[in-house]
Amino acid sequence: MCGIVGYVGKNKCRDVLVDSLRRLEYRGYDSAGIAVFEGEKIKTVKAKGKINEGLALKLEETGELEATAGIGHTRWATHGEPSDINSHPIGNGRVSIVHNGIIENYRELKNFLISKGYGFESETDTETVAKLLDYYYDGDPLEAISKALKDIQGAYALGIMFRQHKNKIYAVRKESPLIVGKGENESYIASDVTAILEYTREYYLLEQNEIAVLSEKGVKFYDLHGNDFEKELQTADWDISAAQKGGYKHFMIKEIHEQPAAIRNTVSPRVKDGLPDFTECGLTIDRIKSYRSIYIVGCGSAMHAGLVGKALIEKLARVPVVVDIASEFRYKDPIVTADDLVVIISQSGETADTLAALKLSKSIGADTFAVVNVVGSSIAREADMVMYTNAGPEISVCSTKAYAVQVAFMYLFAFQVAYAMEKINEKECRELTAELMGMPEIIQTCIDSEEKYQYIASKIMNADSLMYIGRGLDHALSMEGSLKLKEISYIHSEAYAAGELKHGTISLITEDVPVIAIATQRDLFEKTVSNVREVKARGAKVVMVCREDVEIDKASVNYKVGLPTVSDLLMPLVTVVPLQMIAYYTAVSRGCDVDQPRNLAKSVTVE
Ligand code: F6R
């Protein structure tokens, strides 16, 4: 989704703005631009396309800029196609803004402004905000911002420049993320901290409707009534190398390799004396015992991690769990009560639908427990309890390590719930926890088998469509595997419960539709093999992902991907590696933009 940056300081700002925008490229975008105070004017340079294809070329033509303050933006189109005109910054020479979010009442505002004599050039909702600020501006930027915000409905993070207030940047947010960085004699705004890590690790978290004013003297904060106040400085513990490729061709493959360390960082801090312990997050055993039922809500891969959690919790703790897609949950009038726990899963902590699901659950009175990667994100701040997954920055749009740590959390959580409900005893809980803690080494051995996955990728890369099948936990994994493949390689694929295939979908199977069958659960193995024989009989080429020690007759499968043997329950943590790697190498072989797949954004801050 859109990325915002801004800089005020003693140095020329053009390169700082462009470098920071490059660090936000991972969020997904289709145009980019900057606006700076050049002489007595606001100079804007913006273009459709990726930075290298558009903005960078235009800036070369523009030549040297002396400006030491400005704002920048990467736009992910929502209102109006990607074009130079619709790119941000947007303004009229007096006011210039960058915006992330959606202005819901922009039509109303536009009609109002047209009635006041304003003209509009772009198709964006953002232009109404720029013109509204101009309309209310009467020499006092804070007053103009406060008045405009009263009229605006929707979500926004805004970086604002007023021509008459040279070298000052105003920043404000509601729902959409924005942080304010503090350097030596310079300050920054950014959609997330990775954009400015090269310059500073100190930053302020801007809360809803707080206004930050950045000037050469530093940063000041105001409320909507113009009263100033102090804020606490935060320090990012991610360093810049975590947000760089470090010799890997893509962030995605780097992040797959980081999974063992990421899982260690998620699990270890929540194990005390050999047992899971979430009391530091506020989730005590007594609290767990008091819940009537558990909901797990998220989007995409985060929701898929919830499906693994459901299978684990129901199996171990015999407690019913409802897993829901956040965009469905928020509008279905869910049967959540004040006696329930709602676990909210999100890597970014900014996903609009997931945030809305959290707010809805809170309004009903349920306890909310957020499992989030990005520290200080909206979901983390809004939830009653929060557990950070400590995976470090995930830059690739396609989630890998963030999913793996969400699944790792699900194990610890399931063990904790089962122990609290007295469905497993202390000894069993310790044994399960110890096995989980040993998983990073085993996952590493799967990661080391890269050539095997490259070979499978070479066999499926020309297919137009694939089918992933599995039962139970393997079905949950097949959904994640299918999502990985389609989002980065653009090959259509579908995930199906293996036993359900013959009730309709098997008619899609031909010799041109490879099947990836996942069969890691011993009690279901023969059942899945029967389904494999059914597709094989219809000509499909079958890739079987299973334990390395099982024998499968060669007539049933074409390729076997053998996995190290761990207990059935823990197999998902090793199974996901080949699924991620097969998707990765397939996308690479097809020449796809692996880290920034078309149409996708890393942090989906609009619904
Ligand atoms: C898939 C992927 C998405 C995200 C989803 C939720 O690879 O990355 O499906 O998992 O958009 O994002 P978060 O976890 O940030 O809420």
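From a predicted model like this one, the values you see are computed outputs, not experimental measurements. (Residues numbered from 1 in each chain as written. Predicted model: local features only at pLDDT ≥ 70, side-chain atom pairs only at ≥ 80, totals over all residues. Heavy atoms only, no water.)

A.B. asks: What am I meant to see in the site of the ligand here?
C.D. replies: In the neighbourhood of the ligand, 14 residues make up the surrounding shell, with Ser346, Gln347, Ser348, Thr351 and Glu487 lying closest. Between Ser348 and the ligand, the recorded distance is 2.7 Å, taken from a side-chain N or O atom to an oxygen atom. Within the contact set of the ligand, an oxygen atom lies 2.4 Å away from a side-chain nitrogen or oxygen of Glu487. In the complex, 89% of the free accessible area of the ligand, which totals 400 Å², lies under the protein chains. Elements with a contribution of two residues or more to the shell around the ligand: α9 (300-317) and α17 (473-489). (Near = heavy atom within 4 Å. Polar contact = N/O pair within 3.5 Å; in protein donor to acceptor, adjacent residues only side chain to side chain. Areas by Shrake-Rupley, 256 points an atom, 1.4 Å probe, with all protein chains shown as cover. Helix = DSSP H or I, 4+ residues; strand = E, 2+ residues; numbered from the N terminus.)

A.B. asks: Looking at this structure, how should I read the pairing of strand β3 (residues 41-48)?
C.D. replies: Moving residue by residue along a regular strand, the side chains alternate between the two faces of the sheet. Bridge count for strand β2 (residues 31-38) against β3 is 8 bridges, and the pairing is antiparallel. Each residue of the ladder has a partner; that of Ser31, found in β3, is Lys48. Here β2 folds back onto β3 in antiparallel fashion, the turn holding 2 residues, of which Gly39 has a positive phi close to 65 degrees. (Pairing = 2+ DSSP bridges.)

A.B. asks: Just to check I follow, could you spell out helix α14 (residues 426-437) for this structure?
C.D. replies: Within an α-helix, residues lying three or four positions from one another point in the same direction, as the helix has 3.6 residues per turn. In a regular helix each residue adds 1.5 Å, so 12 residues correspond to 16 Å; α14 covers 16 Å between its end C-alpha atoms and thus fits that length. Within the span of α14, buried status applies to Cys429, Leu432, Thr433 and Leu436. Looking down the long axis of α14, one finds its buried residues gathered within 100 degrees of arc, a one-sided arrangement. (Expected span 1.5 Å × (residues − 1). Buried < 20%, exposed > 50% of the residue type's maximum accessible area, 1.4 Å probe, protein only. Arc of directions from axis to C-beta.)

A.B. asks: Even after reading the chapter, I still don't get the packing of aromatic side chains, so can you show me in this structure?
C.D. replies: Aromatic rings considered in pairs are described by the distance between their centres and by the relative angle of their planes. Considering all chains together, one arrives at 18 aromatic pairs under this definition. Residues Tyr188 and Tyr199 carry aromatic rings whose centres are separated by 5.6 Å and whose planes lie at 15 degrees to one another, so their mutual orientation is stacked. Of this pair, Tyr188 sits in strand β10 (residues 187-190) while Tyr199 sits in the loop between β10 and β11 (202-205), and the two are 11 residues apart along the sequence. Among the residues examined, Tyr188 registers a relative accessible area of 1% and is labelled buried. An aromatic cluster is defined as three or more aromatic residues linked by ring pairs; in this entry it consists of Phe278, Phe369, Phe409 and Phe413. One Lys or Arg, Lys50, reaches over the ring of Tyr29 and ends 4.5 Å from the middle of that ring. (Phe/Tyr/Trp six-rings, centres within 6.5 Å; stacked < 30°, edge-to-face > 60°. Lys NZ or Arg CZ within 6 Å of the ring centre and 35° of its normal.)

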